[in-house]
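Listed below are the residues making up each chain.
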Amino acid sequence: MPILAEIRFALRAALWFVFLTFPIMVIKADPIGQTVIWRWRNAVWVGACSFFVCLALRLWKNYRAKHPALGPSNDGGSFIHRILDHSGQRRAFLGILLAAAILFPFFASSYQTNIMITALIYVVLGLGLNIVVGMAGLLDLGFVAFYAIGAYTYALLHLHFGLGFWQSLPLGACLAALGGICLGFPVLRLRGDYLAIVTLGFGEIIRLALENWGEFSQGPSGIANIPRPGFFGMTLSLDQSILFLYFIMIVFVIATIFVVNRLRDSRIGRAWIALREDEIACQAMGIDKQKTKLAAFALGAFWAGGMGVVFAAKTTFINPASFTFLESVIILSIVVLGGMGSIVGVVCGALILVLLPEYLRALSEYRMLAFGAILVLMMIFRPQGLIPTIKSRYPLENLTDDRP
Amino acid sequence: MSQPILQVSALRMTFGGVQALAGVDLEVGEGEIVALIGPNGAGKTTLFNCLTGMYTPTGGDIILNAPGKKPCHLNGLKPNKIVERGLARTFQNIRLFGRMTVLENVMIGRHCRAKSFILGAIFRPPATRREERDITMKSFALLRKVGLADFAGEFADSLSYGAQRRLEIARALATEPALLLLDEPAAGMNPRETVELTRLIQQISADGQAVLLIEHDMKLVMSLSQRIYVMDYGKRIACGPPAAIRANPAVIKAYLGEEDDAAA
């Protein structure tokens, strides 16, 4: 009996769950009475929930296996891709999205707008790292260093030379790109785990330098009073400047998506993907490995630098504690969760990873637990990411005629 | 033989104490199909790796004399520079870009014949557009040539084994090589696929393409090549047309061993 086997399986899974969650769900130490409270009811709940969820999943899987026509096809034809494929639907979809994005701050509180700005910053950071990790396949665990370079560029240029947001923005982005090249040179020969370790080290070096080189960066106490971007010399109130920054970010996100999209569908984008697929074959086909890798590092870092400047302007205060390894991990999670190399995926990934913890605040202490569980489940059931990349298509129909 | 396209003289390659190539001489003429055979471990693939810049040879000289270009030394150049000079290869164990489409794989081959970089990619000026169109068009024409046009939009790793081999050849051809190096193109193929491959190589050669191939399938080697080089222990032990090689005692010895060797 297959159904009986499924029930047995689900029962076993439920028992495991009860066992694994036992320390946090059942045992509770009461520090005042110095006793241990055994919350057996929780164990029952965990057991029952995991049993039914597991059973439902197994049955659904069986059902899908018997009716293959129901399941999504394997070529990544997800719902969003189907919409984006159809040019009319795509225009409508993007139009609605843009309208929603523009109207959002007028309906939301400035607190919510602020969260959305953070989310949009992470969208751009994710898209930047997506070039390095998703397309070129270079595992970079120190991406936050470039973010820090951008932020400190603005903070220091303002502190010493009184430069404004708009002058610092290109400088911060370019300095970060330069930083990307500086990191890229020594690691040209490295791949995979080795590269990950070196980039991790690079990220830490930048953070530690900022923390300890007091004369340069004011150390752990950070730099305060960084101005928000001005609007043609007008002074804006706090709410207005948040609104303004929000629209700046919307423009940035659109510009980034545009540029990254074009890069991917270009000669250099193909070279990045080829580099990810097979480095040796890539060279043997005439691709300059060094140039391609450095371009990936520089372009990835460029966006991070720009976002660093925006971040400094948003918080008006920065210190090295904002640029820890955890930050790199979050950006990397965005890319992996969204789907390596997929632009739509990374945008969704960033929004989910930044907004979910914010809105899960209601669950307060279980917030990070839920967050972790979501990541684990994602990796089990959809390792290719939320919205994996689709194959690029080229206009082959009109290739036969030789018009220029 | 006309002016040779590839001229290898006294090529040496040592790994520590092991001498993988002990002074190899080799020549490939224009439009020729030349085969390189020898027992396993004879140094054939090492020779290929030296030619294509994967290894830097310890000694000797490699001169490529691409038609319409100045002759140039290839030793010590980076692999991608060598491809630019006009030497392209396929691999013994297939090395395609699995998660790229069949068409994109060939387009990568066109990479070294195009120029646009970051700014071109972002702003797409007419020159870049023309270049992209040219890349797509030439790549698709090559797919047609190797009979893979119907699979242009599929991922390369979803192709059958024989088709993957043909795709590797198309990708190498996309670099417009003066000389095409094929490393065991028929390895692991069934007889029908081998026949198809033989026909494909003949067709490529008919277009004037010079080919140097390593192969163990003697039927393919004998039917295709105009000249054969035989290597053993990093040295050339014989060279000549197929009929002469078949009768050469040194070759027979290398492949079958001497009687007292066999007894040992």
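Since we're looking at a predicted model, the values are computed, not measured.

Peer 1: For this particular structure, what's the right way to read the interface of chain B and chain A?
Peer 2: Quoted interface sizes are often the accessible area lost when the parts come together. The interface of chain B with chain A comprises 45 residues on the first partner and 38 residues on the second. Sorting the residues of chain B by area buried against chain A places H111, I122 and R133 of chain B first, and these three jointly supply 16% of that buried surface. Summed over the shared surface of chain B and chain A, the result is 2 salt bridges. Between R270 of chain A and E132 of chain B there is a salt bridge, with its nearest N and O atoms 3.1 Å apart. Summed over the shared surface of chain B and chain A, the number is 8 residue pairs in polar contact (both at pLDDT 80 or more). Going through the elements one at a time, α2 (79-85), α3 (102-109), α4 (118-123), α5 (126-145) and α6 (161-173) of chain B are the ones with two or more residues in the side of chain B that touches chain A. In terms of residues, the side of chain B that touches chain A owes the most to one element, α5 of chain B, which gives 8 residues. Here the side of chain B that touches chain A is built from residues that sort into 23 nonpolar, 9 polar and 13 charged.

Peer 1: Help me understand the domain arrangement of chain B, please; the structure alone is not making it clear to me.
Peer 2: Residues and elements named next belong to chain B. One can read the domain layout of chain B as domain 1 (1-86 + 178-264) and domain 2 (95-176). Between domain 1 and domain 2, the C-alpha centre-to-centre distance is 27 Å. Taken together, the contact pairs 20 residues of domain 1 with 13 residues of domain 2. A buried area of about 1,300 Å², summed over both sides, lies between domain 1 and domain 2, and 64% of it is on carbon and sulfur atoms. Run the count over domain 1 and domain 2 and you get 2 salt bridges. Two residues, D207 and K145, come together in a salt bridge whose shortest N-O distance is 2.8 Å. Taken together, the links from domain 1 to domain 2 amount to 6 residue pairs in polar contact (both at pLDDT 80 or more). Breaking the side of domain 1 that touches domain 2 down by element, the ones donating at least two residues are α2, β7 (179-183) and α7 (191-206). Counting residues per element, the side of domain 1 that touches domain 2 draws most heavily on α7, which supplies 6 residues. For the side of domain 1 that touches domain 2, the residue count by class is 10 nonpolar, 4 polar and 6 charged.

Peer 1: So what exactly am I meant to see when it comes to unusual backbone geometry here?
Peer 2: The phi torsion at Q34 of chain A lies on the positive side, around 55°, for a residue other than glycine. Along the polypeptide, Q34 of chain A turns up in the loop between β1 (27-30) and β2 (35-38). Phi angles above zero are rare outside glycine, and Y233 of chain B is one such case at about 50°. Among the secondary structure elements, Y233 of chain B is positioned in the loop between β9 (227-232) and β10 (235-240). Residue Y233 of chain B is classed as exposed on the basis of its relative accessible area, which comes to 68%.

Peer 1: Explanation requested: the sheet that holds strand β8 (residues 210-214) of chain B in the structure shown.
Peer 2: All names here are of chain B. Ordered in space as β6-β7-β8-β3-β9-β10, the 6 strands form an open sheet in which the pairing is mixed. The open sheet terminates on both sides in strands that have one partner only, identified here as β6 (87-89) and β10. Across this sheet, the average inter-strand angle for adjacent strands is 20°, counted without regard to direction. Here β7 runs beside β8; their pairing, made up of 5 bridges, is parallel. Across the sheet, residue L181 finds its bridge partner in β8, namely L212. Sheet strands touched by helix α10 (residues 249-256): β3 (33-37), β9 and β10. Its angle to β10, the strand with the most contacts, is close to 130°.

Peer 1: What's the story with the packing of aromatic side chains in this structure? I'm lost.
Peer 2: For any pair of aromatic rings, the description rests on two quantities: the centre-to-centre distance and the angle between the ring planes. Per the stated rule, a full pass over the model turns up 20 aromatic pairs over all chains. The structure contains a cluster of three or more aromatic residues connected by ring pairs, namely F104, F106, Y246 and F247 of chain A. If you follow R58 of chain A out to its NZ or CZ, it ends over the ring of F9 of chain A, 3.8 Å from the centre. Above the plane of the ring of F155 of chain B lies R99 of chain B, whose end atom (NZ or CZ) is 4.2 Å from the centre.

About the cut-offs
Residues numbered from 1 in each chain as written. Chains lettered and ligands numbered in written order. Predicted model: local features only at pLDDT ≥ 70, side-chain atom pairs only at ≥ 80, totals over all residues. Heavy atoms only, no water. Contact = heavy atoms within 4.5 Å. Buried area = accessible area lost by both parts, 1.4 Å probe. Salt bridge = Lys/Arg side-chain N within 4 Å of Asp/Glu carboxyl O. Polar contact = N/O pair within 3.5 Å; in protein donor to acceptor, adjacent residues only side chain to side chain. Helix = DSSP H or I, 4+ residues; strand = E, 2+ residues; numbered from the N terminus. Nonpolar A, V, L, I, M, F, W, Y, C, P; charged D, E, K, R; others polar. Domains from an automatic or database assignment. Buried < 20%, exposed > 50% of the residue type's maximum accessible area, 1.4 Å probe, protein only. Pairing = 2+ DSSP bridges. Axes fitted to C-alpha atoms, helices over the stretch in contact; angles between N-to-C directions. Phe/Tyr/Trp six-rings, centres within 6.5 Å; stacked < 30°, edge-to-face > 60°. Lys NZ or Arg CZ within 6 Å of the ring centre and 35° of its normal.

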